[in-house]
Amino acid sequence: MNRFVIGAFMSIAAIAISACGGSNGEGGAGTSQSDLVYETPPAKGPVDQVTWNLLREPTTVDPIKTQTEAEGPVVANMCESLLTVTPEFELVPGLAESYRMTNPTTWVYQLRPGVRFWNGKPVTTDDVVYSLERSFGKTSTASGSYWPTYFTRVQSIRATGADEITIKLTKPDALLNRILATPAGAVIEKASSQAAGADLGTPSVGVMCSGPFKFGSWTPGKSISLESNADYWDSDRVPLTKTLDFEFVDNDSAISSALKTGELEGMYEVPVSLVQQLQQAESGKLYFGPGTRFLAMYPTETSLLRDPKLREALFLAMDRGGIADGIFPGAAEPMKSLMPPTFAYEEEAFNSYLGSIPAASPEADLEAARKLVEEYGPQDRPLVLATEATPSTVEVANQIQSRAKEIGLEVKVDVLTPNQNSALWFDKGLRGKYDGFLAYTFVYNAEPLDFLVYFTPESYYNYGLYKNTEFNERFNDALGTYDDEARAKKVIEAYKIVDNELPWIPIVYQPQRLFINNEITGVPTSWAYVWSAWADRLGSN
């Protein structure tokens, strides 16, 4: 059955323009109850100390092992990348004061003069080459970097002048500079890194960078403390906050109490279970901002879900509007495409594509799903679905189980511990026990092409071993196209393929959720907070 994915979705552009509105006709009032904004109001003055909560405790502060919402917000305030993004997702210079393409396979980055690490030593081209090599270059495998998948077209990284770095590619790469604006492009001091060895990024050593905040201390299980870098190279962005303390409160009730009393003064990724009560809190304000995060189901290497009929049947059976309204009230929108809904360019083209996908008809979808199950034939065993222990995610899994029964599929749900759930991403043996698992995913940039990397043959995260020659051709064609308008058209053609074949099964999109105390302000509300310094403008309200 060849079809566009069916569902419902409110585009970011539409929300940002209207900042109000209601359901889109399929359920899911979602984010329409609140303005969707990119930043909180500017700060009026300095503060001595702010206590901020993280989604969970980081495992490291080494940039090359930073790929989640736990590590990212800490590392982004300390370790600067060659490029960075604004809260509106505009790509701008970072440690590189300028960059240029000399030909389609050669990019040159001019470093800012006079930038120093926190220990007073200058940032040199040797430090930059060393950092990029261990991130995605020749030494990345030995260093245990998480980033090489995104730089398969990089041929060499070398210093070509006193303050100049040149990256040569085997083929044009439209994602190169976007990914350089993440921790993949962060620069650390070579000497201290080599001296630290295996302890780099750990609580006892930390990291040596040049950003607006310095690593202070890390008490495992309790907090990480950052200190203002008074000698920061950009005098206009020396932090207004002297000390920024990160805590790791992970109990929803404790988070709610601490945010309401001011014990915690802010938090990104506020638990969805707290959205409605925090909207009524007098101590602060809950903001929604554009992001790229959504809940999906991931088939595994040995999964029955490698059969496209079963993937489509499960997708059609899901009541995504009901999930958004009933399980994530006011904090989610049902998805009808694998395309993340936040765009840094060509919004009209991407929104036009999303708008062309028909809305779902739940009863008709169930009937279509039953036919697909009949075409597949009798099950020789139940589908086993793993989920994290978060109550909302368990509830989604249970609803999927119930709807699957209606179309003739038997599904068993296995609730994992937090450690087991984290291990699923990296432990093939553990994944082999399940046909699929529910988890949140995101892309690093407001660039829909970024997400398609997951479905390429080289991707570590292509757990379902998805293969499609036409998709690969379209993806590679788009990756080699620098012109935004031309690339957007090619990206859309690639999405038409994966949206029909569903290598992953999208469920609901969730915008960024930020709660911030009335006494402070000045931070972005968009996804940019994960990879770009965000606390340097944090100050008094």
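Residues numbered from 1 in each chain as written. Predicted model: local features only at pLDDT ≥ 70, side-chain atom pairs only at ≥ 80, totals over all residues. Heavy atoms only, no water.

## So, the overall build of the chain
Then comes step 1: Along the chain, the regular secondary structure elements total 18 helices and 19 strands.
Then comes step 2: Relative to its length of 541 residues, the chain is compact, with a C-alpha radius of gyration of 23 Å against a globular reference of 24 Å.
Then comes step 3: Judged by the C-alpha coordinates and their principal axes, the chain covers about 70 × 55 × 45 Å.
Then comes step 4: Expressed as a percentage of the 541 residues in the chain, the buried residues total 60%.
Then comes step 5: Counting contacts in the chain only where the partners sit at least 6 residues apart, residues at least 24 apart contribute 72% of the total.
Then comes step 6: Put simply, the chain shows about 20200 Å² of open surface, and 48% of that area lies on carbon and sulfur atoms. (Helix = DSSP H or I, 4+ residues; strand = E, 2+ residues; numbered from the N terminus. Rg over C-alpha atoms; globule rule 2.2 N^0.38 Å. Buried < 20%, exposed > 50% of the residue type's maximum accessible area, 1.4 Å probe, protein only. Contact = heavy atoms within 4.5 Å. Areas by Shrake-Rupley, 256 points an atom, 1.4 Å probe, with all protein chains shown as cover.)

## Details of the packing of aromatic side chains
Then comes step 1: Enumeration according to the criterion identifies 44 aromatic pairs in this entry.
Then comes step 2: Ring centres 5.5 Å apart and planes at 75° place the aromatic pair Phe 451 and Trp 504 in the edge-to-face group. Note that Phe 451 is positioned in helix H16 (residues 448–452) and Trp 504 in the loop between helix H18 (484–501) and strand E17 (505–517), a separation of 53 residues in sequence. With respect to class, Phe 451 is no different from Trp 504; both count as buried.
Then comes step 3: The ring of Tyr 440 has Arg 293 lying over it, and the distance from NZ or CZ to the ring centre is 4.4 Å.
Then comes step 4: Its end group placed over the ring of Tyr 345, Arg 487 keeps NZ or CZ at 4.6 Å from the ring centre. (Phe/Tyr/Trp six-rings, centres within 6.5 Å; stacked < 30°, edge-to-face > 60°. Lys NZ or Arg CZ within 6 Å of the ring centre and 35° of its normal.)

## Let's talk about the state of the cysteines
Then comes step 1: Scanning the model with the defined rule gives one disulfide in all.
Then comes step 2: With a sulfur-sulfur separation of 2.1 Å, Cys 79 is cross-linked through a disulfide to Cys 209. Between Cys 79 and Cys 209 the disulfide shows an S-S torsion of about 75°. By sign, it is right-handed. With Cys 79 in the loop between helix H2 (72–78) and strand E2 (83–85) and Cys 209 in the loop between helix H6 (190–196) and strand E8 (213–219), this pair connects stretches of sequence that are 130 residues apart.
Then comes step 3: Relative accessible area serves as the criterion here: at 5%, Cys 79 is assigned to the buried category. (Disulfide = S-S within 2.5 Å.)

## Observations regarding the environment of Ala 281
Then comes step 1: Inspection of the secondary structure assignment puts Ala 281 in the loop between helix H8 (275–279) and strand E12 (284–299).
Then comes step 2: Here Ala 281 is in contact with Lys 260 and Phe 515, once residues within four sequence places are set aside.

## A few points about the confidence of the model for the chain
Then comes step 1: Residues with a pLDDT of 70 or more make up 94% of the chain, whose mean pLDDT is 91.
Then comes step 2: Below a pLDDT of 50 lies the segment residues 1–34, which in the model reaches 103 contacts outside its immediate sequence neighbourhood of four places, other chains included. (pLDDT = per-residue confidence, 0-100.)

## Here we look at the sheet that holds strand E4 (residues 96–103)
Then comes step 1: Taken in spatial order, the four strands make up an open sheet running E4-E5-E7-E6, and their pairing is antiparallel. Each end of this open sheet is capped by a strand with a single partner; those strands are E4 and strand E6 (154–161). Ignoring strand direction, the axes of neighbouring strands in this sheet form an average angle of 20°. (Pairing = 2+ DSSP bridges. Axes fitted to C-alpha atoms, helices over the stretch in contact; angles between N-to-C directions.)

## Section: unusual backbone geometry
Then comes step 1: The phi dihedral of Glu 346 falls on the positive side, at around 45°, and the residue is not glycine.
Then comes step 2: Within the fold, Glu 346 resides in the loop between strand E13 (333–334) and helix H11 (347–356).
Then comes step 3: Look at Glu 346 and you get partly exposed, because its relative accessible area is 30%.
Then comes step 4: Although it is not a glycine, Leu 502 sits at a positive phi angle of roughly 50°.
Then comes step 5: Here Leu 502 lies in the loop between H18 and E17.

## A look at the pattern of salt bridges
Charged atoms that come close allow side chains of opposite charge to pair.
Then comes step 1: With the rule as written, the count across this model stands at 15 salt bridges.
Then comes step 2: The residue Glu 470 makes a salt bridge to Arg 474 at a minimum N-O spacing of 3.0 Å. Linking Glu 470 with Arg 474, this pair stays in helix H17 (residues 469–479), spanning four residues, or about one helical turn.
Then comes step 3: Given the relative accessible area of 40%, Glu 470 is considered partly exposed.
Then comes step 4: Taking the relative accessible area as the measure of exposure, Arg 474 reaches 31% and is therefore partly exposed. (Salt bridge = Lys/Arg side-chain N within 4 Å of Asp/Glu carboxyl O.)

## Here we look at helix H12 (residues 362–376)
Then comes step 1: Here H12 is 15 residues long and its end C-alpha atoms lie 21 Å apart, about the 21 Å a rise of 1.5 Å per residue gives.
Then comes step 2: When H12 is considered as a whole, its buried residues turn out to be Asp 365, Leu 366, Ala 368, Ala 369, Leu 372 and Val 373. Projected down its long axis, H12 shows its buried positions confined to an angular sector of 165°, all on one face. Among the exposed residues of H12, those pointing more than 90 degrees away from its buried face are Glu 363, Glu 374 and Glu 375.
Then comes step 3: At its buried positions, H12 is contacted by helix H9 (308–317) and helix H13 (391–406).
Then comes step 4: Directly after H12, the chain includes Gly 377, whose backbone phi takes a positive value near 105°. (Expected span 1.5 Å × (residues − 1). Arc of directions from axis to C-beta.)

## What to know about the pairing of E4
Regular strands have side chains that alternate between both faces of the sheet.
Then comes step 1: As paired elements, E4 and strand E5 (residues 106–111) share six bridges and run antiparallel to each other. Each bridged residue has a counterpart across the sheet, and for Arg 100 the counterpart in E5 is Val 108.
Then comes step 2: Turn length for the E4-E5 hairpin, with the two strands adjacent in sequence and antiparallel, is two residues.

## Some details on the environment of Ala 96
Then comes step 1: Looking at the secondary structure, you find Ala 96 in strand E4.
Then comes step 2: Judged by its relative accessible area of 0%, Ala 96 falls in the buried class.
Then comes step 3: With 17 residues separating them along the chain, Ala 96 and Pro 113 place their C-alpha atoms 9.3 Å apart.
Then comes step 4: Not counting residues up to four positions away in its chain, the partners in contact with Ala 96 are Leu 82, Leu 83, Tyr 109, Gln 110, Leu 111 and Arg 112.

## Let's talk about the side chain of Gln 510
Then comes step 1: By the secondary structure assignment, Gln 510 is in strand E17.
Then comes step 2: In terms of polar contacts, Gln 510 uses its side chain to reach the side chain of Tyr 440, at 3.3 Å.
Then comes step 3: A distance of 3.2 Å separates a polar atom in the side chain of Gln 510 from a polar atom in the side chain of Arg 513.
Then comes step 4: Apart from residues no more than four positions distant in its own chain, Gln 510 is found in contact with Val 272, Arg 293, Phe 294, Phe 328, Ala 331, Ala 332 and Tyr 440. (Polar contact = N/O pair within 3.5 Å; in protein donor to acceptor, adjacent residues only side chain to side chain.)

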